[in-house]
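In case you want the letters, here they are:
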Amino acid sequence: MKHRTSTLVLALCLSSGGCAPPSRPELFSDGLEPALTQETMGRSGADRDPDLSRDGSLLFYASTSHDEAFSLYVKRVGSNTATRITPQGGDQRFPRVSPAQPRRLAYCSNERGRWELVLIPDYIAQPGKTEVLSEPGTDNLHPSWSPDGKKIVYCSTRSFASGEWTLRIRDLESGRTTVMEDVEGLLPEWSPVGNRIVFQRMKRRDDWLSSLWTLDLEHGEARRMTSIFSSDDWAAINPTWSPDGKRVAFATVGKSRLKAGVMNEADDIWVVAADGLNPTRLTFAPAADGMPRWSTTGRIYFVSDRSGSPRLWSLAAP
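Residues numbered from 1 in each chain as written. Predicted model: local features only at pLDDT ≥ 70, side-chain atom pairs only at ≥ 80, totals over all residues. Heavy atoms only, no water.

**A closer look at empty space enclosed by the protein**
Approximately 130 Å³ is the volume found for the largest cavity. What lines the largest cavity is a set of 14 residues, and nearest its centre among them are Arg96, His142, Asn238, Met291 and Pro292. Within the residue set of the lining of the largest cavity, elements represented by two or more residues are strand 2 (47-52), strand 6 (92-97), strand 14 (186-190), strand 18 (235-241) and strand 22 (289-294). A breakdown of the residues in the lining of the largest cavity according to their chemical character gives seven nonpolar, three polar and four charged. (1 Å grid on protein atoms, 1.4 Å probe; cavity = no way out; pocket = protein on both sides within 12 Å on 5 of 7 lines; lining within 4 Å. Points joined across faces, edges and corners; volume = space filled by probe spheres on them. Helix = DSSP H or I, 4+ residues; strand = E, 2+ residues; numbered from the N terminus. Nonpolar A, V, L, I, M, F, W, Y, C, P; charged D, E, K, R; others polar.)

**A word on the pairing of strand 16 (residues 210-218)**
In terms of burial, strand 16 is largely enclosed, as eight of its nine residues are buried. The pairing of strand 15 (residues 196-202) with strand 16 spans seven bridges and is antiparallel. Looking at the pairing, Val198 lines up with Thr214 of strand 16. Taken together, the six bridges between strand 16 and strand 17 (residues 221-229) define a ladder with antiparallel strand orientation. In the sheet register, Thr214 faces strand 17, and the bridge partner there is Thr226. Connecting strand 16 to the next strand, strand 17, in antiparallel fashion are two residues, including His219 with a positive phi near 55°. (Buried < 20%, exposed > 50% of the residue type's maximum accessible area, 1.4 Å probe, protein only. Pairing = 2+ DSSP bridges.)

**Things to note about the nonpolar core**
Ile152, Met180 and Leu215 are the most contacted members of the largest nonpolar core, which has 30 residues in total. With four residues, strand 11 (residues 151-157) is the single largest residue contributor to this core. Among the nonpolar cores identified, the runner-up in size contains 17 residues, and Leu36, Ala249, Trp313 and Ala317 belong to it. (Core = buried A, V, L, I, M, F, W, Y, C linked by side-chain atoms within 4.5 Å.)

**Examining the confidence of the model for the protein**
Summary statistics for the protein give a mean pLDDT of 87 and a share of 87% for residues scoring 70 or more. Ignoring residues within four places in sequence, the model shows residues 1-11, a span with pLDDT below 50, making 23 contacts including any to other chains. Confidence over residues 15-29 falls short of pLDDT 50; this stretch has 42 contacts with residues more than four positions distant or in other chains. (pLDDT = per-residue confidence, 0-100. Contact = heavy atoms within 4.5 Å.)

**Side note on the side chain of Thr252**
If you trace the backbone, Thr252 turns up in strand 19 (residues 247-253). Among the polar contacts made by the side chain of Thr252, one reaches the side chain of Asp267 at a distance of 2.3 Å. When sequence neighbours within four positions are dropped, the list of residues in contact with Thr252 reads Trp234, Ala235, Ala266, Asp267, Asp268 and Trp270. (Polar contact = N/O pair within 3.5 Å; in protein donor to acceptor, adjacent residues only side chain to side chain.)

**Details of the layout of surface pockets**
A volume near 470 Å³ is recorded for the largest pocket. The wall of the largest pocket is formed by 23 residues, among which Pro99, Pro192, Arg293, Trp294 and Thr296 lie closest to the centre. When contributions to the lining of the largest pocket are tallied by element, the ones reaching two or more residues are strand 2, strand 6, strand 10 (139-145), strand 14, strand 18 and strand 22. Looking at the lining of the largest pocket residue by residue, the classes come out as ten nonpolar, eight polar and five charged.

**So, the sheet that holds strand 1 (residues 36-38)**
By definition, the strands of a sheet pair up through backbone hydrogen bonds, in either a parallel or an antiparallel sense. Taken in spatial order, the four strands line up as 1-24-23-22 in an open sheet, and their pairing is antiparallel. Each edge of the open sheet carries a strand with a single partner, namely strand 1 and strand 22. Strand-to-strand twist across the sheet, computed as the mean angle between neighbouring axes with direction ignored, equals 30°. In this structure, strand 22 lies alongside strand 23 (residues 299-304), joined through four bridges in antiparallel fashion. The residue of strand 23 that forms the bridge with Trp294 is Ile300. (Axes fitted to C-alpha atoms, helices over the stretch in contact; angles between N-to-C directions.)

**Concerning unusual backbone geometry**
Non-glycine residue Arg224 carries a positive phi angle of around 50°. Relative to the assigned elements, Arg224 resides in strand 17. Despite not being glycine, Met291 shows a phi value in the positive range, around 50°. On the secondary structure map, Met291 appears in strand 22.

**Some details on the pattern of salt bridges**
Counting across every chain of the model gives 17 salt bridges. Residue Asp51 pairs with Arg293 through a salt bridge whose shortest N-O separation is 2.7 Å. Residue Asp51 is located in strand 2, and its partner Arg293 is located in strand 22; the two are separated by 242 residues in the primary sequence. By the burial criterion, Asp51 is buried, and Arg293 matches it. Salt bridges sharing common partners tie together Asp51, Arg96, Glu189 and Arg293. (Salt bridge = Lys/Arg side-chain N within 4 Å of Asp/Glu carboxyl O.)

Structure (structure tokens):
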């Protein structure tokens, strides 16, 4: 069962998926969903892992639109012009820009075989100057910055096949890494307000479906671990905080009527209060919608294949 779980995690987190039109597409709605905006274009390859600058003006993402492997790009929101940040060499995924230093970028790369956590101190002036932050002999995914930009939380494992992932915190000032041995989980997101972390955690029973949990970080230790969204029939993945830390956007797997029983791709974007109240479904199309990312501008960015290939879209948060 652990092997099945790790396979599902890889399919959802790392699956691989042109020419842009002369103008940005118009906002539209199908009558059920809020108005959507397509943020990236093309038919070839895939765009994934959206992240926004603190002011919401820049969109970072990973793409295979121009190469077989994923490279990192940045574009101004509303523009069709994207600048490539990383050179070719393996896959680069999960770009995360520092909230305190807007040129500082963390991401994950498998250029040297295993997935490493990498830091670029200045992606504009010296994009080729990098520092590996993760420990040798581990695979590491999904960095997320603390509000002051001094620490990064991420998930790590010594074996994909084991399905056992733990949360780790890297202190950039001291260079120390804290392994949260008692916190098994994936895809952590540090709240933009305070020391709260949301993550997805597999149930160690039945179908090992993932649910959403939060924890409070106190003196480097996890306190008040709380399940805020869970089901025996479907999974909740990809949690991301609202800018005020009061709500969490996420994707479901196998929940919607159109995707019931489909467990190898996300189906819809949802929002729930940080205390688990008032879950609200935002997307309804028969498309795979996942990897949401909340912007300070009040929009939620996400990955969807509704145009035929995985591209980045956005909608106004409720």
